[in-house]
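For reference, the chains in residue letters:
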2 protein chains.
Amino acid sequence: MPEPTPGARPTLEAVAARAGVSRATASRVVNGGAGVRRPLVEKVSRAVEELGYVPNHAARTLVTRRNGAIAVIIAEPEFRVFSDPFFEQQVRGISRELTAHDAQLVLLWVEGSGDYDRIARYLGGGHVDGALAFSLHNDDGLPAVIARAKVPTVFGGRPGWPGAGAGQQVPYVDCDNRGGAREAVRHLVSLGRTRIAHIAGPRDQTSALDRIDGYRDALLDAATGGGPGLIAQGDFTVDSGARAMAELLERAPDLDAVFAANDLMASGALRVLRERGRRVPQDVAVVGFDDMTPLAESCDPPLTTVRQDIEGMGRLMVRLLMRVLGDGTGTGADENADEPGAGAPGSVITPTRLVRRASA
Amino acid sequence: MPEPTPGARPTLEAVAARAGVSRATASRVVNGGAGVRRPLVEKVSRAVEELGYVPNHAARTLVTRRNGAIAVIIAEPEFRVFSDPFFEQQVRGISRELTAHDAQLVLLWVEGSGDYDRIARYLGGGHVDGALAFSLHNDDGLPAVIARAKVPTVFGGRPGWPGAGAGQQVPYVDCDNRGGAREAVRHLVSLGRTRIAHIAGPRDQTSALDRIDGYRDALLDAATGGGPGLIAQGDFTVDSGARAMAELLERAPDLDAVFAANDLMASGALRVLRERGRRVPQDVAVVGFDDMTPLAESCDPPLTTVRQDIEGMGRLMVRLLMRVLGDGTGTGADENADEPGAGAPGSVITPTRLVRRASA
DNA sequence: CATCACGGTGAGAGCGCTCTCACCCTAATC
DNA sequence: GATTAGGGTGAGAGCGCTCTCACCGTGATG
């Protein structure tokens, strides 16, 4: 058991002394050992081992200006967030990928606009190399705070606040909300449905808006009477889905299909349909979005839905950020990049996939 | 708009120069300004403002040996954890208290023993001042890894691994599991119940063991026939509670009360009792543990349970850690400390409270 | 008037590391 | 044998900050 020096942790100096080399050479070995002859590499390695040397992070950061930490900004507008399986999966993906890049995850939990100052100070303080944030609500002031801090940031979900796509290009990772919605509705069309309604998500979230667009795309393609479609407003919760479904049945008793902007609302819709004696999918076909697996599978009937790879999106957020930071960790293999040639790291749109179950 | 110097961030040197003072004085002002005369304080403050100066964290850490960050180690033996409302609440409490102490939360997500090395390296690398961990399973190797890193650590939940209480005193925060269980069972006794069964949690978790002890305590007190009690094994999941309940009904058809070691299992038990035609609480009274509010309230009938202040425990973990770290932030006010006199920061046991609803 | 005490200030050392640059040694070339 | 090339190594500067300590001026004291 090579007990380290009593008390203080050994410095690179100590390692160098023990190995009989200069601090510079010891440093080289510790950082990979490029350009150092074998015997010296081994001597230094042994000294490191024996002394139990661990590099001082602060000293290293001071000179390299890199601290190997990434902030994950979690705003909690509603009270869910953490227990939301969506976030859990995304954070898991982020955590895994960050680990692969040897970077740490600093969690910035924002509970309200009162925290903005603290966040801005922290981000501006150079504690982290970059940040990951989620574009939740467009009317939120947080994006502005983040932008002002001038820390390289990648967003989860397409940001929708004023001037986003226009002036400053904000890299983000999102799934193909519009395409996924289009596919969902096309599927309903292919089933011969002609009165297809939509339960939309909150209007201040781009994902909800994009899904509405996809719904409209498909309706136009199908030339199913056209018109603005039949849309009821929800807010991504089960109850709102139920309410919206009830409203739709009121407005259009003859509807034969519903595309809900997420699985939670779809499950609420299913409940109402069941209560009103409509058979799914015979009378009304239902498609959701997200494929929250345990939920979608346990619906009655199991929910046909649009799957997005949430954990993968988390990982992509990290990769994108690392690219922005000029990290050369070429993971090669997968090339999901949006812009193949461009040097400036653009955003990434991940594909979605329709998962057919019993509801449509 | 006082635009900061182009490119690089201003250093203390720059602030000092602009304010016409020495670096030392500028530093004093930045750190609270004790012992600096008013006019100078103002001059420096203005310079800070104008230059948009933000202290370089790495440089500061390098000399002070404090980095204002705490690791929160989350091991994920099962696949839940994050979406577990228990953890969410505890992490929320931790986050809030950490913010109050101006400390950052570094999330260390452990997915398996393969991560131990990484964790050890990180903890040993002095990136954080301290750590918070949760004692999940006693057979887990993680506690040993943490102990070896010699980073001040506070545990959530009484650690139960070999040599814990004995050799090294590990500070922890836990609720009064035994007392709470005792109170729950006493309540059942006071209701005139004589055949009281227990659905226990996993045997490798101290909380489960302590609750069993509390159950036995109360039975002994009541001298209700004595004996080892009627215990069925569960694992804190709803299904296990249901299975345990079925088993209990088999073994003791005449039981008239059940104390489940958590609310999840209690809800499973309620389901089985309902299925078997036993009325709650008339035929069988049921008490749970945790008071997971939405769940306990929405049970049928609403669950009588033992409440613990989970978020508060998270905050206490941070306070305890700060005390270990010698942080002088005397929040005064509340004095939940276990050991009033002792200088060595002991552990904290938070009180529990029986919440009466309809099930008992 | 000389001395002391003391709060306020600045000079300078160093925290532990990386990185540039000069140096040295060996081997190839003229 | 003298020269050049080039890889390996060490000396030393410096990242931005804190903190000790010496110093200076002021007001109280002998």
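Preceding this section is the structure that the text describes.
Residues numbered from 1 in each chain as written. Chains lettered and ligands numbered in written order. Predicted model: local features only at pLDDT ≥ 70, side-chain atom pairs only at ≥ 80, totals over all residues. Heavy atoms only, no water.

Around DNA strand D, the surrounding shell holds 27 residues, and the nearest of these are Thr25(A), Arg65(A), Leu12(B), Ser27(B) and Tyr53(B). In DNA strand D, atoms within 4 Å of the protein come 68% from sugar and phosphate. One of the side-chain N or O atoms of Arg23(A) is found 2.9 Å from a base nitrogen in DNA strand D. In the environment of DNA strand D, a base oxygen lies 3.1 Å from a nitrogen or oxygen atom belonging to the side chain of Arg23(B). Among the elements that make up the surface near DNA strand D, the one with the highest residue count is helix H4 (residues 57-64) of chain B (five residues). (Near = heavy atom within 4 Å. Polar contact = N/O pair within 3.5 Å; in protein donor to acceptor, adjacent residues only side chain to side chain. Helix = DSSP H or I, 4+ residues; strand = E, 2+ residues; numbered from the N terminus.)

Let us look at the relation of the copies chain A and chain B. Laying chain A over chain B is done by rotating through 180° and shifting 0.0 Å along the axis; what remains is an RMSD of 0.1 Å. The transformation relating the two chain copies, once decomposed into turn and shift, fits a two-fold axis. A shared binding surface is used by both copies, with 100% of the interface residues of chain A retained as interface residues in chain B. (Least-squares fit on C-alpha atoms with pLDDT ≥ 70 in both. Contact = heavy atoms within 4.5 Å.)

Our next topic: the protein's contact with DNA strand C. Surveying the vicinity of DNA strand C reveals 28 residues, the closest of which are Leu12(A), Ser27(A), Tyr53(A), Thr25(B) and Arg65(B). A share of 67% is what sugar and phosphate atoms reach among the atoms of DNA strand C within 4 Å of the protein. At a separation of 2.6 Å, a phosphate oxygen of DNA strand C approaches a polar side-chain atom of Ser27(A). Between DNA strand C and the protein, one listed contact pairs a phosphate oxygen with a side-chain N or O atom of Arg60(A) at 2.9 Å. Broken down by secondary-structure element, the contributors of at least two residues to the surface near DNA strand C are helix H2 (23-30) and helix H4 (57-64) of chain A together with helix H2 (23-30) and H4 of chain B. In terms of residue count, H4(A) provides more of the surface near DNA strand C than any other element does, five residues in total. Looking at the surface near DNA strand C, its residues break down into 13 nonpolar, eight polar and seven charged. (Nonpolar A, V, L, I, M, F, W, Y, C, P; charged D, E, K, R; others polar.)

Tallying the contact residues gives 33 residues for chain A and 33 residues for chain B. Counting each side, the surface lost to burial between chain A and chain B is near 3,100 Å², with a carbon and sulfur contribution of 56%. Run the count over chain A and chain B and you get two salt bridges. Taken together, the connections running from chain A to chain B amount to six residue pairs in polar contact (both at pLDDT 80 or more). At the level of elements, H4, helix H5 (85-100), strand E2 (104-110) and helix H6 (116-124) of chain A are the ones that each hand at least two residues to the side of chain A that touches chain B. Tallied by class, residues from the side of chain A that touches chain B come to 14 nonpolar, 11 polar and eight charged. Note: E2(A) against strand E2 (residues 104-110) of chain B, three bridges, orientation antiparallel. When the bridges of E2(B) are listed, Leu105(A) appears paired with Leu107(B). (Buried area = accessible area lost by both parts, 1.4 Å probe. Salt bridge = Lys/Arg side-chain N within 4 Å of Asp/Glu carboxyl O. Pairing = 2+ DSSP bridges.)

So, about the nonpolar core. Counting 146 residues, the largest nonpolar core has Met245(A), Leu255(A) and Met245(B) as its most contacted members. With residues up to four places along the chain from it excluded, the contact list for Met245(A) reads Ile199(A), Leu255(A), Val258(A), Ala269(A), Val272(A) and Leu273(A). Among the nonpolar cores identified, the runner-up in size contains 44 residues, and Ala69(A), Val106(A), Leu108(A) and Val128(A) belong to it. (Core = buried A, V, L, I, M, F, W, Y, C linked by side-chain atoms within 4.5 Å. Buried < 20%, exposed > 50% of the residue type's maximum accessible area, 1.4 Å probe, protein only.)

A few words now on the sheet that holds strand E1 (residues 69-75) of chain B. Read across the open sheet, the 12 strands follow the order E11(A)-E5(A)-E4(A)-E3(A)-E1(A)-E2(A)-E2(B)-E1(B)-E3(B)-E4(B)-E5(B)-E11(B); overall the sheet is mixed. A single partner strand is all that each edge strand has here, and the edge strands are strand E11 (348-350) of chain A together with strand E11 (348-350) of chain B. If you compare each strand with its neighbour and ignore which way they point, the axes differ by 25° on average. Relative to strand E3 (residues 130-134) of chain B, E1(B) runs parallel, the two being bridged by four bridges. Residue Ile70(B) lies in a different strand from E3(B), and its bridge partner there is Gly130(B). Contacts from H6(A) reach strand E1 (69-75) and E2 of chain A together with E2 of chain B within the one sheet, and its direction differs from that of E2(A) by about 155°. Against the sheet, helix H6 (residues 116-124) of chain B touches E2 of chain A together with E1 and E2 of chain B, its axis set at about 155° to E2(B). (Axes fitted to C-alpha atoms, helices over the stretch in contact; angles between N-to-C directions.)

Here we come to the side chain of Gln104(A). Turning to its location among the elements, Gln104(A) is positioned in strand E2. Residue class for Gln104(A) comes out buried when judged on its relative accessible area of 10%.

A word on the environment of Val170(B). Secondary-structure assignment places Val170(B) in the loop between strand E4 (153-156) and strand E5 (172-175). Sequence-wise, Val170(B) and Arg158(B) are 12 residues apart; in three dimensions their C-alpha atoms are separated by 8.8 Å.

It is worth spelling out the packing of aromatic side chains at this point. Applying the stated rule across the entire model yields two aromatic pairs over all chains. Seen from their ring centres, Phe259(A) and Phe289(A) are 6.4 Å apart, and the 50° between their planes marks the pair as tilted. Taken together, the positions of Phe259(A) in strand E8 (residues 257-260) and Phe289(A) in strand E9 (residues 285-290) put the pair 30 residues apart, joining distant regions of the chain. Each member of the pair, Phe259(A) as well as Phe289(A), is classed as buried. When the ring centre of Phe289(B) is taken as reference, the NZ or CZ atom of Arg211(B) above it lies at 3.7 Å. (Phe/Tyr/Trp six-rings, centres within 6.5 Å; stacked < 30°, edge-to-face > 60°. Lys NZ or Arg CZ within 6 Å of the ring centre and 35° of its normal.)

Here we take up the sheet that holds E9(A). Residue and element names in this part refer to chain A. Read from one edge to the other, the open sheet built from six strands follows the order E7-E6-E8-E9-E10-E12, with strand pairing classed as mixed. Whereas interior strands pair on both sides, the edge strands pair on one side only; in this sheet they are strand E7 (230-233) and strand E12 (353-355). Averaged over all pairs of adjacent strands, the angle between their axes in this sheet comes to 20°, without regard to strand direction. Contacts from helix H10 (residues 238-251) reach strand E6 (196-200), E7 and E8, with the element oriented near 145° to E7. Lying on the sheet, helix H11 (residues 263-275) is in contact with E6, E8, E9 and strand E10 (304-307); it crosses E9 at an angle near 160°.

Moving on, we get to the pairing of strand E9 (residues 285-290) of chain B. Residue and element names in this part refer to chain B. Of all six residues in E9, six are buried, a share of seventy percent or more. The pairing of strand E8 (residues 257-260) with E9 spans three bridges and is parallel. Looking at E9, one finds that Val 258 is bridged to Val 286. The β-α-β motif built from E8, the intervening helix H11 (residues 263-275) and the parallel element E9 has right-handed crossover chirality. (Right-handed = clockwise from strand over helix to strand, strands pointing away.)

Our next topic: the packing of helix H1 (residues 12-19) of chain B against helix H3 (residues 38-51) of chain B. Residues and elements named next belong to chain B. As a packed pair, H1 and H3 sit with axes 8 Å apart at the nearest point and diverge in direction by 125°. As the angle between them shows, H1 and H3 are arranged oblique. Between H1 and H3 the crossing geometry is right-handed. Contact residues: H1 offers Ala 14, Val 15, Arg 18 and Ala 19, while H3 offers Lys 43, Val 44, Ala 47, Val 48, Glu 50 and Leu 51. Classifying every residue of the contact of H1 with H3 gives seven nonpolar, no polar and three charged. (Parallel < 35°, antiparallel > 145°, perpendicular 65-115°, else oblique. Left-handed = near helix turned anticlockwise from the far one by under 90°.)

The analysis is restricted to geometry; functional conclusions fall outside its scope.
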